[in-house]
Amino acid sequence: MLCRGDSMKEKVMMNKSVLVLTRIGLLSAVALILSAVENMIPALPFALPGMKLGLSNLAVMFALELCSLPGAVCVVAAKAVFALLTRGVTAFFMSLAGGVLATLAMWMMLRIKKLQFGCLGIGIAGAFLHNCGQLLVALVLVSDAVYAYFPVLSLASVATGALTGLVYYIIMPHLKRIPLLS
Amino acid sequence: MNYSSDNTKRAYFRMADLIPLAVIVLSVVLGVVFLLSPKDEKGLTAVVSVEGEVYTEVALDAVKEPYELTLHGDREAVLLISSDGVRFVTSDCPDKLCVNTGMISRSGQSAVCLPARVSVKLISSEESGGIDALSG
């Protein structure tokens, strides 16, 4: 078969902006699907409201590697708009603040060449800052009592971030073999 | 910029990952310390009860110098009342639970000596924003 990745890649690369746009659209869709799937997972008995796995962070991590900061922010914005449509204004701002903070942190960690971070560090930093952003918005919009959540949510973010980092570490090499994403 | 140009696989763990981990652990510790630290509550009143009856009420803000209050319930117990809070200094009881309770300084807290049938409870005259419980 002639349909090897190289020839297809050449054709796709002919128009860079179309490629970037396609990737952003694809990864946004992946992010939305991941959060939808995540909502189907029954909550653990000891989980606080707002405690989630953060699987859609995977799509953002991928967008950072593939499209750098602007692309990842687009994915975050798509997630936030989805939250606005399905869960309302508060969810919009919480999703946006958490997503932007997490994206900035992970972007910086990918950029610093002197310190090579592993998937674990990037995953937990993303999860932790996502929590921080959401809590900051909740402090303003919901109640100033939510700061009591902070220690518990932070500890949980270490666990969920380690998990998303692990998933990222496992699937990244496979996804990179897809011509559109390589 | 395209970061996928290098085909080297990013490792799962590197030593640098300890930095975000340390930051998180540190902020959790700070958060817990902040949450558990006693707050400067205004308008605390110590309600002292002896044998089930309210014996006296002391507004802690009005206490300038700490003083001891000897209570004669079924057994003798001594309270130390200061502007920061209240604690049992000594008690004539076998288990010393009341003394071991230590200083109580936040509204809702109480110290009780059951053998002496003496108790002290702090109430707040103004509603403070502290959290009693969280439920989901």
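## Regarding the side chain of A:T103
By secondary structure assignment, the location of A:T103 is in helix α4 (residues 89–111). Setting aside anything within four residues of it in sequence, one finds A:T103 in contact with A:V60, A:L64, A:L69, A:A72 and A:V76.

## Let's talk about the pairing of strand β7 (residues 118–124) of chain B
Every regular strand shows the same layout, with side chains that alternate between the two sheet faces. Residue and element names in this part refer to chain B. By the bridge criterion, seven bridges tie strand β1 (residues 44–50) to β7 in an arrangement that is antiparallel. Looking at β7, one finds that A46 is bridged to L122. The pairing of strand β6 (residues 110–113) with β7 spans four bridges and is antiparallel. Its bridge partner lying in β7, V112 is registered against S119.

## Topic: the packing of helix α3 (residues 57–87) of chain A against helix α6 (residues 150–175) of chain A
Residue and element names in this part refer to chain A. For the pair α3 and α6, the least separation of the axes is 10 Å and the interaxial angle reads 50°. By the angle between their axes, α3 is oblique relative to α6. In terms of crossing hand, the pair formed by α3 and α6 is right-handed. Between α3 and α6, the residues in contact are L58, M61, F62 and E65 and T164, V167, Y168, M172 and L175, respectively.

## Thoughts on a nonpolar patch on the surface
All names here are of chain A. Taken together, the side chains of L84, V89, F93, L136, L139, V140, L141 and V142 present a nonpolar region at the surface, about 720 Å² in accessible area. Listing elements by their share of the nonpolar patch, those giving two or more residues are α4 and α5 (119–141). With four residues, α5 is the largest single contributor of residues to the nonpolar patch. Residue placement: F93 occurs in helix α4.

Calculation notes
- Residues numbered from 1 in each chain as written.
- Chains lettered and ligands numbered in written order.
- Predicted model: local features only at pLDDT ≥ 70, side-chain atom pairs only at ≥ 80, totals over all residues.
- Heavy atoms only, no water.
- Helix = DSSP H or I, 4+ residues; strand = E, 2+ residues; numbered from the N terminus.
- Contact = heavy atoms within 4.5 Å.
- Pairing = 2+ DSSP bridges.
- Axes fitted to C-alpha atoms, helices over the stretch in contact; angles between N-to-C directions.
- Parallel < 35°, antiparallel > 145°, perpendicular 65-115°, else oblique.
- Left-handed = near helix turned anticlockwise from the far one by under 90°.
- Patch = residues over 30% accessible without salt bridge, like charges linked within 9 Å, V, L, I, M, F, W, Y side chains within 5 Å.
- Areas by Shrake-Rupley, 256 points an atom, 1.4 Å probe, with all protein chains shown as cover.
- Salt bridge = Lys/Arg side-chain N within 4 Å of Asp/Glu carboxyl O.

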